[in-house]
Amino acid sequence: MAAVPHEIPHLAVEDFFGPPVRAGASISPDGSRIAYLAPWRDRLNVWVEDIDPPGEARCVTSDASRSVHVYHWTDDPRWLLYEQDGDGDERWHIYRVDLEDPEAEAVDLTPFPGATAMGFEMVAFRPGKALVHLNHRNPVEFDLYEVDIATGELTILARNPGDVAGLMHTPDGDLYAQIWTSRGDIELVQWHIGTGERRPVATFAGADHPLGVNPFQLTPDGTGVWAGSNRGSDRTRLVRLDLATGEESEVDSHPDADIDTRTTVFPTLPPALILDRRTGELLGVRYLGERQEIHALDADFADVLRNLEELSEGDLGAVSSDRSGRRWVVTFTHDRDPGVTYFYDHATGASRLLFRPYPHLGPHVLAPMTPVTITSRDGLALPSYLTLPVGVEPVGLPMVLLVHGGPWHRDSWRFDPTAQLLANRGYAVLQVNFRGSTGYGKTFLKAGIGELAGKMHDDLIDAVDWAVDAGYADRDRVAIFGGSYGGYATLVGVTFTPDVFAAAIDVCGVSNLVTFLRTVPEFAKPQLFNNWYLFAGNPEDPAQEADLRSRSPISRVDHIRTPLMVVQGGNDVRVVKAESDQIVDALRARGVEVEYMVKDNEGHGFVNADNNIDMYRTADRFLARHLNRRPAGTP
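Residues numbered from 1 in each chain as written. Predicted model: local features only at pLDDT ≥ 70, side-chain atom pairs only at ≥ 80, totals over all residues. Heavy atoms only, no water.

Summarising the element assignment, Ser 412 is placed in the loop between strand 31 (397-403) and helix 3 (417-424). The buried category is assigned to Ser 412, whose relative accessible area is 3%. There is a polar contact of 2.8 Å between the side chain of Ser 412 and the side chain of Arg 262. (Helix = DSSP H or I, 4+ residues; strand = E, 2+ residues; numbered from the N terminus. Buried < 20%, exposed > 50% of the residue type's maximum accessible area, 1.4 Å probe, protein only. Polar contact = N/O pair within 3.5 Å; in protein donor to acceptor, adjacent residues only side chain to side chain.)

Quick look at the structure:
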């Protein structure tokens with residue numbers, strides 16, 4: 001029977017950017033309860049309920065200022081932990097919730113004003129304990145601590161000598177340190193605190209790992225590390241690095257895809273390695289091409305995986321199980337069925353739908369996200385994604401070029417609320433993995449060296465030409481929209497190629513590469529040698545400073561004639577507000593109108609739903625005005 005055509009409703013901005021009904025579920029270690037995120041006083045907080053039979057849900061956190069996004073079960077079902085910063089300032093703290101005392105206030109386990117907790121990890125060999133790096137002694141130096149979850153006692157395990165980026169503590173008490181060198185490489189050494197002796201273990205080429213080696217996971221016995229390595233290969237595969245000898249042995253690989261390393265940029269995404277909750281042993285590894293592929297490395301998990309993947313047509317996202325590996329809660333990534341979440345019992349084979357975060361959104365109203373490959377002017381294949389509005393002939397459409405951040409990141413097949421909102425408004429949406437993006441091999445990654453505002457931008461323009469030549473897009477109605485590096489690319493678009501775009505939206509984008517690099521947080525500056533300094537330049541070198549200025553949109557602000565909207569978080573510590581102020585002030589000094597939105601309680605990207613709704617409502621009107629389309633009900 002032929003499908004019956006139906007009209008796609010005009011959805012409100014709130015439908016895409018309002019808080020989910022539920023999201024981010026995981027199961028407790030004893031398999032009796034689930035935790036998840038749901039609204040409380042218009043902010044996402046952690047809720048807990050019994051799973052079998054389902055009980056009454058109880059909100060166990062109470063943050064009315066800022067949504068919670070990251071929480072952790074502990075091995076003791078009494079305690080639950082969550083992470084929170086202050087209005088986007090990225091000074092993360094770890095808080096403990098007592099599930100047995102609903103009246104008790106959350107306890108800050110890292111109670112140092114102005115400090116940041118990083119690298120939080122609970123390890124199987126230390127029940128009731130967790131490892132965390134803290135910089136309360138010196139903002140630039142993160143010391144390694146062990147925290148007793150029940151008592152809150154902090155014990156220092158190693159004081160950072162000043163050049164250490166991260167520390168690992170083995171079950172036998174040995175310490176290993178990662179060091180960012182001035183050459184841009186990453187060295188792993190065994191560090192003897194008493195003598196100060198450092199025994200070299202391995203060196204990774206920084207150019208191959210602009211955000212560090214990921215994954216990098218200590219094995220349960222403490223004798224090795226599971227690491228993502230592309231040594232001697234274009235693709236990133238999983239190896240075991242022997243800590244005694246420094247030798248790598250391959251654990252697993254994929255012929256055409258890299259290990260999924262997106263958690264380097266977005267820690268809320270599922271990690272590349274799937275580990276046994278009880279033992280810490282390796283169960284599976286995620287690879288990401290056009291779609292995700294999981295390789296099961298454990299026979300029992302392979303059986304579980306086969307059954308889990310039958311629950312949805314999407315890609316398996318977050319997974320959690322009880323200690324026995326019997327009960328599972330899993331979430332799926334899907335372009336048109338966002339975040340669908342299931343419970344599965346491997347002992348009985350029974351499963352049931354737990355929830356859909358956005359029950360009003362689904363395949364009947366959302367647009368497919370289709371992988372496409374675009375060839376650049378110099379012959380490089382650019383993996384991309386095209387989202388076309390449903391119910392509209394895909395010919396001569398207004399189009400939005402949506403540019404990802406990083407730039408050491410990538411677009412992937414998923415539910416993208418921005419792309420879906422734009423498609424619902426009748427725009428074609430094109431997302432391009434330009435050279436320099438991660439996930440496509442180190443040759444593709446390193447093709448971006450020295451190409452900011454050069455070939456990296458040419459790739460975006462070539463993608464626009466492709467969409468126009470293919471008939472999808474109207475050349476006179478193309479907008480560019482991006483955040484972070486994508487915001488920089490947006491500003492490059494309106495300054496270096498001012499005739500291409502009919503509208504532009506820059507979210508927390510870099511306008512001046514020199515001032516940006518000089519205002520990076522102090523604790524992040526050692527990493528600049530193998531990413532920004534290598535790919536773009538070091539402003540402390542006069543010749544490189546001049547080149548950085550020439551690639552900065554602020555140097556060509558007089559070329560801007562494209563309608564521009566700028567969005568900025570007032571507490572952004574990565575791309576500080578001055579980056580947006582510079583471009584806005586320069587335009588207003590010329591008498592050029594620019595729409596400028598600042599949210600003082602946000603950082604690098606908006607978290608709170610009300611701010612996102614305000615931003616996207618404004619963006620919706622802005623694009624409609626300049627791409628000759630108007631939101632429904634607008635006079």
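Read across the sheet, 4 strands follow the order 17-18-19-20 without closing on themselves; strand pairing throughout is antiparallel. With one partner strand each, in any of the chains shown, strand 17 (216-218) and strand 20 (248-252) form the two edges of the open sheet. Sheet twist, expressed as the mean angle between neighbouring strand axes with direction ignored, is 30°. Two strands pair when backbone bridges link them, and strand 19 (residues 237-242) and strand 20 are joined in this way by 4 bridges, in the antiparallel orientation. Bridged to Val 239 within strand 20 is Glu 250. (Pairing = 2+ DSSP bridges. Axes fitted to C-alpha atoms, helices over the stretch in contact; angles between N-to-C directions.)

The omega torsion of the bond from Asp 52 to Pro 53 falls at 0°, within 30 degrees of zero and hence cis. Secondary-structure assignment places Pro 53 in the loop between strand 3 (43-50) and strand 4 (58-59). Along the chain, Gly 406 connects to Pro 407 via a cis peptide bond; the corresponding omega equals 5°. Relative to the elements of secondary structure, Pro 407 occurs in the loop between strand 31 and helix 3. One non-glycine residue, Asp 87, lies in positive phi territory at about 50°.

Now for the environment of Thr 263. Along the chain, Thr 263 turns up in the loop between strand 21 (258-259) and strand 22 (273-275). A relative accessible area of 17% places Thr 263 in the buried class. When the C-alpha positions of Thr 263 and Pro 215 are compared, they lie 9.0 Å apart, and in sequence the two are 48 residues distant. Residues contacting Thr 263, with those up to four places away along its chain left out, are Asn 214, Leu 269, Pro 270 and Pro 271. (Contact = heavy atoms within 4.5 Å.)

Through backbone hydrogen bonds, the strands of a sheet pair up, either in parallel or in antiparallel fashion. Taken together, the 4 strands give an open sheet; going across it, the order is 13-14-15-16, and neighbouring strands pair in antiparallel fashion. Of all strands in the sheet, those bounded by a partner on one side alone are strand 13 (164-169) and strand 16 (198-204). Here the average twist between neighbouring strands, direction ignored, is 25°.

How two helices sit against one another is set out by the angle between their axes and by the gap between those axes. Contact geometry of helix 5 (residues 455-469) with helix 6 (residues 485-496) gives a least axis separation of 11 Å together with a crossing angle of 75°. In this view, helix 5 runs roughly perpendicular relative to helix 6, as classed from their interaxial angle. Facing Met 456, His 457 and Leu 460 of helix 5, the residues of helix 6 in contact are Tyr 485, Ala 489, Val 492 and Gly 493. Of the residues in the contact of helix 5 with helix 6, the class split is 5 nonpolar, 2 polar and no charged. (Parallel < 35°, antiparallel > 145°, perpendicular 65-115°, else oblique. Nonpolar A, V, L, I, M, F, W, Y, C, P; charged D, E, K, R; others polar.)

Topologically, Val 494 is positioned in helix 6. Since its relative accessible area comes to 0%, Val 494 is described here as buried. Between the C-alpha atom of Val 494 and that of Arg 556, which follows or precedes it by 62 residues, the distance is 9.2 Å. Every residue in contact with Val 494, bar those within four places of it in the chain, is listed here: Ala 504, His 559, Ile 560 and Thr 562.

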